[in-house]
Amino acid sequence: MNKNITVLLVDDDADDRKLFFEAAMEVDATITCVGVANGRDALLYLKNEANPLPEFIFLDLRMPGLTGQECLQEIKKDSRLFPVPVIIYTTSREVGESIRLKSLGAAHFMSKPTSPDDVYYMVSYVLGEKWN
Amino acid sequence: MVSVRCKMVVKEELAKIGLHYTMVELGEAEILETISTVQHDQIKSALLKSGLELLDDKKSVLVQKIKSLIVEVVHHSEEPLARKLSEHLSQKLNHDYTYLANLFSEVQGITIEKFFISHKIERVKELLVYNELTLTEIAYKLHYSSVAHLSTQFKKVTGLTPSYFKELGNKKRSMLEDL
């Protein structure tokens, strides 16, 4: 990566957050990983202008309270947050859901892999692409 | 079936069996006649002799097309892709990327991303061996966002740093020159 980037992961599963952050750090040890457990906390973090705007938002779908889809819609309503690529990071493998979320503004739909090795390759691929 | 040679082999073998095609393309061929079981087996064994495999179920054909497109992008394109790989595959194959990714993992046992990155690293190895480009130039050519990203990925896949890999190649070469 050209500069130190910040990644926000919104996922209620602590194990999945850990797995993701380990993979992200392996891709680039200078990445700043911020994790929150639900959509509400994600919006609080993102709307606080004192926080650095992340280069990527990885968003789980099935979370208590505000769902991933609702969180995505809120992000896309905000002109400051709108350009940040939102990558859906979910256990879902449903094609219909992938198409729907991309039509709502998601940049990419990633089905969570089960092995740490595959998480590395997915994260490495996503962080290596230009999404804007 | 990436190269012209592969297409030629398919055309030649079909002609030998007496079959006529309307199209021989990336991973697929359209045959005018209805193929008998005997002809099917003849095509299969003829292609196998040339190192090609006959795939006749739709899922395997689609997976083969994904692999061919990735190989084409990584090994046979001078310019980096103007769009993301996921978009490229999706538009070329007319399927949502999630469908392609699920299918690929199910049939191949590895993810598209791993397949793609492994091929990129193979290409990096090839370019390092040619010794014509610096690592920075290789990183640019293969669309890496930085040399650091390339180096970390290289180490993850091969277990070696790019410079150590290059050094090993140079040592081998100098040993050969000493013979």
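Residues numbered from 1 in each chain as written. Chains lettered and ligands numbered in written order. Predicted model: local features only at pLDDT ≥ 70, side-chain atom pairs only at ≥ 80, totals over all residues. Heavy atoms only, no water.

Enquirer: When you look at the overall build of chain B in this model, what are you seeing that I'm missing?
Expert: Helix and strand content of chain B: nine helices and two strands. Taking 16 Å as the expected radius of gyration for a compact globule of 179 residues, we find that chain B reaches 20 Å, considerably beyond that expectation. Along the first, second and third principal axes, the C-alpha atoms of chain B reach 55 × 50 × 30 Å. Looking at chain B residue by residue over its 179 residues, the buried ones come to 39%. Taking as baseline every contact in chain B between residues at least 6 positions apart, the subset at least 24 positions apart corresponds to 48%. Here chain B displays about 10,200 Å² of accessible surface, and carbon together with sulfur accounts for 54% of that area. Here chain B contributes 24 positively and 24 negatively charged side chains, and the mean placements of these two sets differ by 4 Å. (Helix = DSSP H or I, 4+ residues; strand = E, 2+ residues; numbered from the N terminus. Rg over C-alpha atoms; globule rule 2.2 N^0.38 Å. Buried < 20%, exposed > 50% of the residue type's maximum accessible area, 1.4 Å probe, protein only. Contact = heavy atoms within 4.5 Å. Areas by Shrake-Rupley, 256 points an atom, 1.4 Å probe, with all protein chains shown as cover. Lys, Arg positive; Asp, Glu negative; His and termini not counted. Charge placed at Lys NZ, Arg CZ, Asp CG, Glu CD.)

Enquirer: Which parts of the structure should I look at to understand helix H3 (residues 68–77) of chain A?
Expert: Helical periodicity: at 3.6 residues per turn, an α-helix aligns residues three or four positions apart in one direction. Residues and elements named next belong to chain A. Turning to H3, its buried residues are Gly68, Cys71, Leu72, Ile75 and Lys76. One side of H3 holds all its buried residues, which, seen down the axis, span an arc of 135°. Looking at the buried residues of H3, the elements they touch are helix H2 (39–47), strand S3 (56–59), strand S4 (86–90) and helix H4 (95–103). (Arc of directions from axis to C-beta.)

Enquirer: How do you make sense of helix H4 (residues 85–93) of chain B when you look at a structure like this?
Expert: All of the buried residues along H4(B) are Leu85(B), Ser86(B), His88(B), Leu89(B) and Leu93(B). Looking straight down H4(B), one finds its buried side chains confined to an arc of 165°; they lie on one side. Those residues of H4(B) hidden inside the fold are in contact with strand S5 (108–111) and helix H5 (116–128) of chain A together with helix H3 (58–75), helix H5 (97–108) and helix H6 (112–130) of chain B. Of the residues trailing H4(B), Asn94(B) is marked for its positive phi of about 60°.

Enquirer: Just checking my understanding: could you explain the nonpolar core for this structure?
Expert: Nonpolar side chains in soluble globular proteins tend to be buried together. In this structure, Phe20(A), Phe56(A), Phe58(A), Leu127(A), Ile70(B), Leu89(B) and Ile112(B) are the most contacted members of the largest nonpolar core, which totals 52 residues. Every residue in contact with Phe58(A), bar those within four places of it in the chain, is listed here: Val7(A), Leu8(A), Leu9(A), Val10(A), Phe20(A), Ile87(A), Tyr89(A), Met110(A), Val126(A) and Leu127(A). Judged by nonpolar contacts, the second largest core, of 22 residues, contains Val36(A), Leu72(A), Ile75(A) and Leu101(A). (Core = buried A, V, L, I, M, F, W, Y, C linked by side-chain atoms within 4.5 Å.)

Enquirer: Hey, could you run me through the packing of aromatic side chains in this one?
Expert: To describe a pair of aromatic rings, you give the distance between the ring centres and the angle between the ring planes. Counted by the stated rule, this structure contains nine aromatic pairs over all chains. On the basis of an interplanar angle of 85° and a centroid distance of 6.5 Å, the ring pair of Phe58(A) and Tyr89(A) is categorised as edge-to-face. Of this pair, Phe58(A) sits in strand S3 while Tyr89(A) sits in strand S4; the two residues are 31 residues apart in sequence, bridging distant segments of the chain. Note on accessibility: Phe58(A) and Tyr89(A) belong to one class, buried. Judged by centre distance (5.2 Å) and plane angle (85°), the rings of Tyr120(A) and Tyr121(A) are edge-to-face. Of the two residues examined, Tyr120(A) and Tyr121(A), each falls in the buried class. Taking the ring centre of Tyr144(B) as reference, the NZ or CZ of Lys120(B) above it sits at 4.1 Å. Over the face of the ring belonging to Tyr120(A) we find Lys156(B), whose NZ or CZ atom lies 4.7 Å from the ring centre. (Phe/Tyr/Trp six-rings, centres within 6.5 Å; stacked < 30°, edge-to-face > 60°. Lys NZ or Arg CZ within 6 Å of the ring centre and 35° of its normal.)

Enquirer: I would appreciate a short explanation of the pattern of salt bridges in the present structure.
Expert: Pairs can form between side chains of opposite charge whenever their charged atoms are close. All names here are of chain A. Enumeration according to the criterion identifies 18 salt bridges over all chains in this entry. Among the ionic pairs, Lys112 bridges to Asp16, the shortest N-O distance being 2.7 Å. Here Asp16 lies in helix H1 (residues 14–27) and Lys112 lies in the loop between S5 and H5, a separation of 96 residues in the sequence. Each member of the pair, Lys112 as well as Asp16, carries the same accessibility label: buried. (Salt bridge = Lys/Arg side-chain N within 4 Å of Asp/Glu carboxyl O.)

Enquirer: Just checking my understanding: could you explain the interface of chain A and chain B for this structure?
Expert: By a widely used convention, the size of an interface equals the accessible area lost when the partners come together. With 24 residues of chain A in contact, the opposing surface of chain B contributes 21 residues. In total, chain A and chain B occlude about 2,200 Å² of area from one another, counting both sides; carbon and sulfur atoms represent 53% of this. Put simply, chain A and chain B have four salt bridges between them. Seen at the junction of chain A and chain B, the total is 11 residue pairs in polar contact (both at pLDDT 80 or more). Of all the secondary-structure elements, those providing two or more residues to the side of chain A that touches chain B are H1, H4, S5 and H5 of chain A. Per element, the largest residue contribution to the side of chain A that touches chain B is eight residues, and it comes from H5(A). (Buried area = accessible area lost by both parts, 1.4 Å probe. Polar contact = N/O pair within 3.5 Å; in protein donor to acceptor, adjacent residues only side chain to side chain.)

Enquirer: So what exactly am I meant to see when it comes to the environment of Val129(B) here?
Expert: With respect to the element layout, Val129(B) can be found in helix H6. In sequence terms Val129(B) and Ser90(B) are 39 residues apart; their C-alpha atoms lie 33 Å from each other.

Enquirer: Would you mind showing me how to read the pairing of S3(A) here?
Expert: Residue and element names in this part refer to chain A. The alternating pattern of S3 places Phe56 and Phe58 and Ile57 and Leu59 on opposite faces, both of which are buried. Pairing of strand S1 (residues 6–10) with S3, which is carried by four bridges, proceeds in the parallel orientation. Residue pairing for S3: Leu9 is matched across the bridge by Phe58. Looking at chain direction, S3 and S4 are connected through three bridges and run parallel. For Ile57, the partnering residue across the bridge sits in S4 and is Val86. Crossover connection from S3 via H3 to parallel S4: handedness right-handed. (Pairing = 2+ DSSP bridges. Right-handed = clockwise from strand over helix to strand, strands pointing away.)

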